[in-house]
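Residue-level structural notes
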Amino acid sequence: MSKLLVLNGPNLGRLGSREPEVYGSANFAELTDRVVTAAKAAGFEADVRQTNDEAELVSWLHEAVDQQNNVIINPAAFTHYSYALRDAAALVTKAGLKLIEVHISNPHTREEFRHNSVISAIATGVIAGFGVESYVLAIKAL
Ligand code: CA2
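A brief look at the structure comes next. (Residues numbered from 1 in each chain as written. Predicted model: local features only at pLDDT ≥ 70, side-chain atom pairs only at ≥ 80, totals over all residues. Heavy atoms only, no water.)

1. Structural notes on the site of the ligand
The test is simple: When at least one non-hydrogen atom of a residue lies within 4 Å of a molecule or strand, that residue is treated as near it. Each polar contact in these results corresponds to two N or O atoms within 3.5 Å; when the atoms are within protein, one needs to be able to donate a hydrogen and the other to accept it, and residues that are neighboring in sequence are counted only if both atoms are side-chain atoms. Calculation of accessible area relied on Shrake-Rupley with a 1.4 Å probe; when residues are assessed, cover is drawn exclusively from the protein chains displayed. Note on definitions: the grid is 1 Å and covers protein atoms alone; a cavity is a set of points where a 1.4 Å probe fits but cannot get out; a pocket is an open set with protein on both sides within 12 Å along at least five of seven lines; lining residues have an atom within 4 Å of a point. The way we define it, a molecule is inside a pocket or cavity when more than half of its atoms are within 2 Å of that pocket's grid points. Amino acid classes used here: Ala, Val, Leu, Ile, Met, Phe, Trp, Tyr, Cys and Pro are nonpolar; Asp, Glu, Lys and Arg are charged; the rest, including Gly, are polar.
Neighbouring residues of the ligand: 16 residues in total, closest Asn74, His80, His103, Ile104 and Ser105. At 2.9 Å from an oxygen atom of the ligand is found a side-chain nitrogen or oxygen belonging to histidine 103. Contacts to the ligand include arginine 114, whose side-chain N or O atom sits 2.9 Å from an oxygen atom. Compared with its free state, where it exposes 520 Å², the ligand has 96% of that area covered by protein. Among the detected pockets, the ligand sits in the largest pocket. Considering only residue class, the shell around the ligand consists of 7 nonpolar, 6 polar and 3 charged.

Structural data, given as structure tokens:
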């Protein structure tokens, strides 16, 4: 079964604790279960991770390149300003691997600062606005 890295950025470990109208009611453990189950059905072994640390996310993207793993990533707030993350994500797609950017909410319906993603231009594709199902759609796309 081919391995898939499912990476999550800052504060997503706190899902389910507030703003259910924006992010739904699932907590991070429930999101992980949903993703692992959907991935298995599609023939992938999903390794689901979350960090609040930009450097750790960058290292995980390097790992994806070294291990030749496709990536689904919700960069959370780093989406909007982290050029370090963009450069690391570009290494993944330039290596011929797939990297799908996902969001639980639709950032374009929200505050202006969320309308720009520095990741999207180097991603294979972007899926946003379908709650936790955004991840499942990304798995189906892979
Ligand atoms: O919609 C998404 O998935 C986001 O990537 C989530 C980020 C936000 O900065 C992006 O603009 C869009 C925020 C994650 C915060 O997660 C929490 C959700 C509920 C409760 C606590 C944290």
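2. Side note on the nonpolar core
Condition: Here the nonpolar core consists of buried residues drawn from Ala, Val, Leu, Ile, Met, Phe, Trp, Tyr and Cys, with membership extended through side-chain atoms lying within 4.5 Å. When accessible area is computed with a 1.4 Å probe and restricted to protein chains, residues below 20% of their type maximum are described as buried, those above 50% as exposed, and intermediate ones as partly exposed. For the purposes of this entry, the term helix denotes a DSSP run of H or I that reaches at least four residues, the term strand denotes a run of E that reaches at least two, and both are numbered from the N terminus. When checking whether two residues touch, look at their non-hydrogen atoms; a contact exists if any pair is within 4.5 Å.
Core analysis: the largest hydrophobic core is formed by 23 residues, its most contacted members being Val6, Leu31, Val35, Ile72, Val102, Tyr135 and Ile139. Top contributing element to this core by residue count: helix H2 (residues 28-41), with 5 residues. Apart from the residues lying within four places of it in its own chain, the contact partners of tyrosine 135 are Val6, Asn8, Leu12, Leu31, Val35, Ile72, Asn74, Val102 and Ile104. Counting residues in each nonpolar core, the second largest holds 21 residues, with Leu57, Ile73, Leu99 and Val118 among its members.

3. Observations regarding the packing of helix H3 (residues 54-67) against helix H4 (residues 83-94)
Formally: Throughout, an axis means a line fitted to C-alpha atoms (over the contacting stretch in the case of helices), and angles, computed between N-to-C directions, take values from 0 to 180 degrees. Roughly parallel means an angle under 35 degrees; roughly antiparallel, over 145; roughly perpendicular, 65 to 115; everything else is oblique.
At their nearest, the axes of H3 and H4 sit 8 Å apart, and the two run at 10 degrees to each other. Viewed along their axes, H3 and H4 adopt a mutual orientation that is roughly parallel. Here H3 contributes Glu54, Leu57, Val58, Leu61, His62, Ala64 and Val65 to the contact with H4, which in turn contributes Ala84, Leu85, Ala88, Ala89, Leu91 and Val92. Taken together, the residues of the contact of H3 with H4 sort by class into 11 nonpolar, 1 polar and 1 charged.

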